Amino acid sequence: MVDARFHSRTGPYRLDLLAALVEADIVGGQGDLLLDDVAPLSTAQAGDIAFFDNRLYLEVFKSSQSSACVARPDAVSHAPAGMALLVCDNPYFAYALIAEKFYPPPIPTAAIHPTATIARDAELGAQCRVDAGAVIGAGAVLGAGCSIGPHAVIGSGVEMGAGCSIGAHVRIQYALLGSGVVVHPGVSIGQDGFGFATKAGRHHRVPQLGRVVIGDDVDIGANTTIDRGSGPDTVIGQGCMIDNLVQIGHNVVLGKGCVIVAQTGISGSTKLGDYVMVGGQAGLTGHLTIGSGAQVAAQSGVMRDVSAGEVVAGSPCVPVRHWHRQTVAVARLAEASRTKTPKSKTLKSKPPRARPQRS
Amino acid sequence: MVDARFHSRTGPYRLDLLAALVEADIVGGQGDLLLDDVAPLSTAQAGDIAFFDNRLYLEVFKSSQSSACVARPDAVSHAPAGMALLVCDNPYFAYALIAEKFYPPPIPTAAIHPTATIARDAELGAQCRVDAGAVIGAGAVLGAGCSIGPHAVIGSGVEMGAGCSIGAHVRIQYALLGSGVVVHPGVSIGQDGFGFATKAGRHHRVPQLGRVVIGDDVDIGANTTIDRGSGPDTVIGQGCMIDNLVQIGHNVVLGKGCVIVAQTGISGSTKLGDYVMVGGQAGLTGHLTIGSGAQVAAQSGVMRDVSAGEVVAGSPCVPVRHWHRQTVAVARLAEASRTKTPKSKTLKSKPPRARPQRS
Amino acid sequence: MVDARFHSRTGPYRLDLLAALVEADIVGGQGDLLLDDVAPLSTAQAGDIAFFDNRLYLEVFKSSQSSACVARPDAVSHAPAGMALLVCDNPYFAYALIAEKFYPPPIPTAAIHPTATIARDAELGAQCRVDAGAVIGAGAVLGAGCSIGPHAVIGSGVEMGAGCSIGAHVRIQYALLGSGVVVHPGVSIGQDGFGFATKAGRHHRVPQLGRVVIGDDVDIGANTTIDRGSGPDTVIGQGCMIDNLVQIGHNVVLGKGCVIVAQTGISGSTKLGDYVMVGGQAGLTGHLTIGSGAQVAAQSGVMRDVSAGEVVAGSPCVPVRHWHRQTVAVARLAEASRTKTPKSKTLKSKPPRARPQRS
């Protein structure tokens, strides 16, 4: 049950209204069934609607107490008795719309907090919200309906389109943002790229003369860092979803709709096409080209270009099928060596420390 | 010698008082020996007490100038002449108590800074401290003796028990904290989990309707991120120690006393039992179950469930003994191939770049 | 073309003036050629000066429209007709100086923002700038010309030399900084190291009694974390360049001029010599010694000492030449097994998830 301290529910809604909303077929239920809330399959009760989209949870689905559930056609035969189904091809997307129906995103009240520091020549569109302590620099331009969180710092000259949501303690410099961009707390955008030239043992900083250019509807996770370009820009294409603690180096270009999972690092000047998916903790070295639709598995180390649609894994990365073969081959090799090797020898290499280190 | 600008010392203390404090036996010293300070073995001088708990530092121990030292029974025969020992089974724990005796943690002065922004209906317990610029939202509830650092942002409805210490620039939303929770600077708690559904090339955000629920005495390292649940809660069990720059996804559940070393990432809906240890930079994919007492080595890639007490290493992870075998087997294979392979061929794969990338 | 909203250009400058500045020879151009701006090779136009230092971009160089270019001697024969060259051995360094000539770093206006909170006994040198909301604690000492960004928090007793630049939302505790230190936004310096002793299932925090000592001209990237020492200090040597999201544990010592690329983690008490280079996402366990001039490849897992000048790669790390051999040997082994192995068997191990996890 959703905690009313944090989330305000609307409803109840009829099943047929929800079916129409998500363009699903009703199976095993009446259109006038009233639903009060969304809930996970495992804890849903009478009056709830859940979703089933991951086969891992088949047993949970079979025994769920939920009154209704969004599910794929092939789930119908597994549904528990009495559960009404909304059948469609993309249950997770349908759930997103239904959850949003019950819990519409709160619209920030337009207000400028008295402790905010806003430059005289900054331009704020209609209905903006600026929270306590936020700082908006000279010449910054905000579209209508932007929300600037507590203590966020919007640097001089930064521009953003309408409806952007900037979290607490975000800092943005040297950047242009489209509309509907969501920046979660603690993000650093636009600081110097990691560029320096070394001479006679001294690292000399190289002026970073570019910007960060961010398309519409981009979502940037907490504590992520995006450096500005060194001359060219760093570019984040429309609709990209970037998770927490990601590092994006100077001059990186992301196409449209890329998905970058947490703790991934993309080195300077690497270019991704559209809809590239990068798993968590992957690392891409600099100056690479990653084609549209490519997929990079979690923890991969990418040191070469990746073709459009290619799926790679491992460090250094190889096509995912090769990576599976390598994994199996190494396991077999180790197993074979076991019978041949006296035990003392296998202990020569030092194990990694799972334990934290002490002084 | 500890820098008095930063740390206030008490004492001196008699050796027998310290022995009683930590329930240790005095060996080779007089109970009335006066000790002025704690110090590392390598730099300790007359009047200091050190600890010896890591065999790596045996030679340092043997030649240490420290007047006294906490050590295990098997260290007695290696002690330098004239060093008084406090002998016990857990010298590091004993050292912790002794160091705390000399340097009791400062008790924050209760005070509300005039620049703090506190909602009228927020409830603060007795003796709270709220530093410059801190923001406390509507309906937030703080137990007695909490300390809220400069510019920290406590969101609407957030509750925390007594004696919590919240660092500078921390942001907490949609969360309930127990007592004695320490949150180091720059932490992001409770932002949206990384959940979206994709249709027709558009990533649609899925409402994240859960919370973050944190048990008593949890310690959360600087710049770590913990996303709130998507419907279920994200749960951090009592007494967990979480290091810096860790990523914890939505719906993750940590049991009691888990230790998560820096830069580890735990993907959505993965569940850890009690006292699980995860080394630095490890990655766990989503929807896994990790049993109590399991250990995950640093940099492991965990893509499968791990049994209670199991120790795993590698990416993809295998039991640590297998990982050792794999490491040795691959090294031998490479060595064997060396004699057979013309040098030019071994250079085909491109080396990783240790150097930063330039534009 | 550089965006004038963000960067203020000076000039134009004569080619011979720039040649003298960087001690280069003019080849194929007149000394009185007037240059208006710097630009990347790929987008440079008439009036611009670019640089060519990475063979990857040879084709771009050959067809560049730039009026002038800094390049190595061996590039002369590839230069397009009509391009003036400044020939020298370190074009990137020369470019840095030229870019700085056109775009001198802005000198922050000395001013104390009225919303800053500065302790009465804090000492600020001449010409300091303190931005909105910044907090400077009791007894802190700042050298002349320091710039403290919006909402930055400088803890009690912290000292820094002249000309330090501290970014927005930086927090610094228990630390002494040299002169000319640049700390990018969101950095956490001086919080407790990850030290605790466990007894009877309870993790007990160990007082962290050291400091962080940072040398002159160090550069620290956004959202990086540096823990203070547990008794000894954490030390960052003069001229080190540290990228974003790096974790540096307690008691770590970095020599002079080390380069630590993004998302690397260095565990407690590990010591690096001078000019060590560590690639991105590398992990070093605790209590190691890494010799001067050593290089650690990206994503390496370092669990042993590394000699001065040694180059290592892999996890666990091995000399880079061995790592190449291992990579090739494993690929061949997998390829060989392919012909022998029925396909169904190779699919046994589960692939990593490039896709984000859902609840």
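Residues numbered from 1 in each chain as written. Chains lettered and ligands numbered in written order. Predicted model: local features only at pLDDT ≥ 70, side-chain atom pairs only at ≥ 80, totals over all residues. Heavy atoms only, no water.

Undergrad: It is not clear to me how the overall build of chain A should be interpreted in this structure. Could you clarify?
TA: Scanning chain A from terminus to terminus reveals five helices and 40 strands. The buried share of chain A, reckoned over its 359 residues, is 60%. By sequence separation, contacts in chain A at least 24 residues apart represent 19% of the contacts at least 6 residues apart. Of the roughly 13200 Å² that chain A leaves accessible, carbon and sulfur atoms contribute 53%. Counting 30 positive and 28 negative side-chain charges, chain A places the averaged centre of each group 19 Å from the other. (Helix = DSSP H or I, 4+ residues; strand = E, 2+ residues; numbered from the N terminus. Buried < 20%, exposed > 50% of the residue type's maximum accessible area, 1.4 Å probe, protein only. Contact = heavy atoms within 4.5 Å. Areas by Shrake-Rupley, 256 points an atom, 1.4 Å probe, with all protein chains shown as cover. Lys, Arg positive; Asp, Glu negative; His and termini not counted. Charge placed at Lys NZ, Arg CZ, Asp CG, Glu CD.)

Undergrad: Could you clarify how one ought to interpret the pattern of salt bridges in this entry?
TA: Opposite charge on two side chains allows them to pair when their charged atoms are near. Summed over the entire model, instances satisfying the criterion amount to 36 salt bridges over all chains. A salt bridge links B:D3 to B:R5; the shortest N-O distance between them is 2.8 Å. On the accessibility criterion, B:D3 (10% relative accessible area) is buried. Here the residues in one salt-bridge network are A:D3, A:R5, B:E159, B:R211 and B:D233, joined through shared partners. (Salt bridge = Lys/Arg side-chain N within 4 Å of Asp/Glu carboxyl O.)

Undergrad: Mind showing me how you'd approach the packing of helix α1 (residues 15-22) of chain A against helix α3 (residues 91-102) of chain A here?
TA: Each pair of packed helices can be summarised by the angle the axes make with each other and by the distance between the axes. All names here are of chain A. At a minimum axis distance of 9 Å, the contact between α1 and α3 shows a crossing angle of 125 degrees. As the angle between them shows, α1 and α3 are arranged oblique. Note that α1 runs across α3; the crossing there is right-handed. Every residue of α3 that contacts α1 at L17, L18, L21 and V22 is listed here: A94, L97, I98, K101 and F102. (Axes fitted to C-alpha atoms, helices over the stretch in contact; angles between N-to-C directions. Parallel < 35°, antiparallel > 145°, perpendicular 65-115°, else oblique. Left-handed = near helix turned anticlockwise from the far one by under 90°.)

Undergrad: What is the right way to look at the relation of the copies chain B and chain C in this model?
TA: Both copies of the chain are placed relative to one another by a rotation about an axis and a shift along it. Each copy superposes on the other: chain B lies on chain C with an RMSD of 0.0 Å after a rotation of 120 degrees and an axial shift of 0.0 Å. Taken together, these values place the two copies in the relation of a three-fold axis. (Least-squares fit on C-alpha atoms with pLDDT ≥ 70 in both.)

Undergrad: In this structure, what is going on with the sheet that holds strand β26 (residues 225-226) of chain C? I would like to understand it.
TA: The strands making up a sheet are joined through hydrogen bonds of the backbone, oriented either antiparallel or parallel. Residue and element names in this part refer to chain C. The 10 strands lie next to each other as β9-β12-β15-β18-β21-β26-β29-β32-β35-β38, forming an open sheet whose pairing is parallel. Two strands bound the open sheet, and with one partner strand each, they are β9 (117-118) and β38 (301-302). Inspection of the sheet shows β9 paired to strand β12 (residues 135-136) by two bridges, in the parallel sense. The residue of β12 that forms the bridge with I118 is I136. (Pairing = 2+ DSSP bridges.)

Undergrad: How should I be thinking about the sheet that holds strand β7 (residues 84-87) of chain C in this particular structure?
TA: Residues and elements named next belong to chain C. If you trace the five strands from one edge of the open sheet to the other, you get β2-β7-β6-β5-β4, paired in mixed fashion. Two strands bound the open sheet, and with one partner strand each, they are β2 (25-27) and β4 (37-38). Here two bridges tie β4 to strand β5 (residues 48-52), and the two strands are oriented parallel to one another. Of the residues in β5, the one forming a bridge with D37 is D48. Along the sheet, helix α1 (residues 15-22) makes contact with β2, β5, β6 (68-71) and β7, crossing β7 at roughly 15 degrees.

Undergrad: Mind showing me how you'd approach the interface of chain B and chain A here?
TA: Bring the parts together and some accessible area is lost; that lost area is often taken as the interface size. With 92 residues of chain B at the interface, the matching set in chain A holds 85 residues. Contact between chain B and chain A buries roughly 6800 Å² in total, counting both sides, with carbon and sulfur atoms accounting for 62%. On inspection of chain B and its partner chain A, the count reaches three salt bridges. Residue B:E159 is joined to A:R5 by a salt bridge in which the shortest nitrogen-to-oxygen separation is 2.7 Å. Across the chain B-chain A interface, the total number found is 30 residue pairs in polar contact (both at pLDDT 80 or more). Within the residue set of the side of chain B that touches chain A, elements represented by two or more residues are β19 (175-177), β22 (196-199), β23 (202-205), β34 (277-278), β37 (295-296) and α4 (320-340) of chain B. Along the lines of polarity and charge, the residues of the side of chain B that touches chain A split into 38 nonpolar, 41 polar and 13 charged. (Buried area = accessible area lost by both parts, 1.4 Å probe. Polar contact = N/O pair within 3.5 Å; in protein donor to acceptor, adjacent residues only side chain to side chain. Nonpolar A, V, L, I, M, F, W, Y, C, P; charged D, E, K, R; others polar.)

Undergrad: Please clarify how the packing of aromatic side chains should be interpreted in this entry.
TA: Aromatic rings considered in pairs are described by the distance between their centres and by the relative angle of their planes. Applying the stated criterion across every chain, the model contains 18 aromatic pairs over all chains. Aromatic side chains B:Y13 and B:F102 sit 5.1 Å apart centroid to centroid with 75 degrees between the ring planes, which places their arrangement in the edge-to-face category. Here B:Y13, found in strand β1 (residues 13-14), pairs with B:F102, found in helix α3 (residues 91-102); they are 89 residues apart in sequence, far enough to count as distant. Across the pair, B:F102 and B:Y13 agree in class, each one buried. Ring-pair connections join several aromatic residues into one group, and the members of that group are A:F51, A:Y92 and A:Y95. When the ring centre of B:Y174 is taken as origin, the NZ or CZ atom of B:R228, which lies over that ring, is 3.8 Å away. (Phe/Tyr/Trp six-rings, centres within 6.5 Å; stacked < 30°, edge-to-face > 60°. Lys NZ or Arg CZ within 6 Å of the ring centre and 35° of its normal.)

Undergrad: For this particular structure, what's the right way to read unusual backbone geometry?
TA: With the exception of glycine, the majority of residues adopt a negative phi angle, and the majority of peptide bonds are in the trans configuration. Residue and element names in this part refer to chain C. With an omega of 5 degrees, the peptide bond between G11 and P12 qualifies as cis. Looking at where P12 falls in the secondary structure, it is placed in the segment before β1 (13-14). Following S315, the chain continues to P316 via a peptide bond in cis, the omega torsion being 5 degrees. Topologically, P316 is positioned in the loop between β39 (311-313) and β40 (318-319). Phi is positive for H151, close to 65 degrees, though the residue is something other than glycine. Positionally, H151 belongs in the loop between β14 (147-148) and β15 (153-154).

Undergrad: Quick question: what am I supposed to make of α3(A) here?
TA: One turn of the α-helix equals 3.6 residues, which is why residues spaced by three or four share an orientation. All names here are of chain A. The first and last C-alpha atoms of α3 sit 16 Å apart over 12 residues, in line with the 16 Å expected at 1.5 Å per residue. Judged by how many residues are buried, α3 sits mostly within the fold: 10 of 12 residues are covered. Those residues of α3 that fall on the buried side of the exposure criterion are P91, Y92, F93, A94, Y95, A96, L97, I98, A99 and F102. (Expected span 1.5 Å × (residues − 1).)

Undergrad: Help me understand the confidence of the model for chain A, please; the structure alone is not making it clear to me.
TA: Any region with low pLDDT has predicted coordinates that should not be read closely. Put simply, chain A has an average pLDDT of 93, and 94% of its residues get 70 or more. Quick note on the complex model: pTM equals 0.94, ipTM equals 0.93. (pLDDT = per-residue confidence, 0-100.)

Undergrad: Would you explain the interface of chain B and chain C in this entry?
TA: In this assembly, 85 residues from chain B lie in contact with 92 residues from chain C. Here chain B packs against chain C, burying approximately 6800 Å² in sum over the two surfaces, 62% of which is carbon and sulfur. Here chain B and chain C share 30 residue pairs in polar contact (both at pLDDT 80 or more) between them. Counting residues per element, the ones that place at least two in the side of chain B that touches chain C are α3, β28 (241-242), β31 (259-260), α4 and α5 (343-346) of chain B. Broken down by element, the residue count for the side of chain B that touches chain C peaks at nine residues, all from α4(B).

Undergrad: Just to check I follow, could you spell out the environment of C:A20 for this structure?
TA: Residues and elements named next belong to chain C. Note that A20 resides in helix α1. The class of A20 is exposed, set by a relative accessible area of 56%. Residues A20 and L86, 66 residues apart in the sequence, show an inter-C-alpha distance of 9.8 Å.

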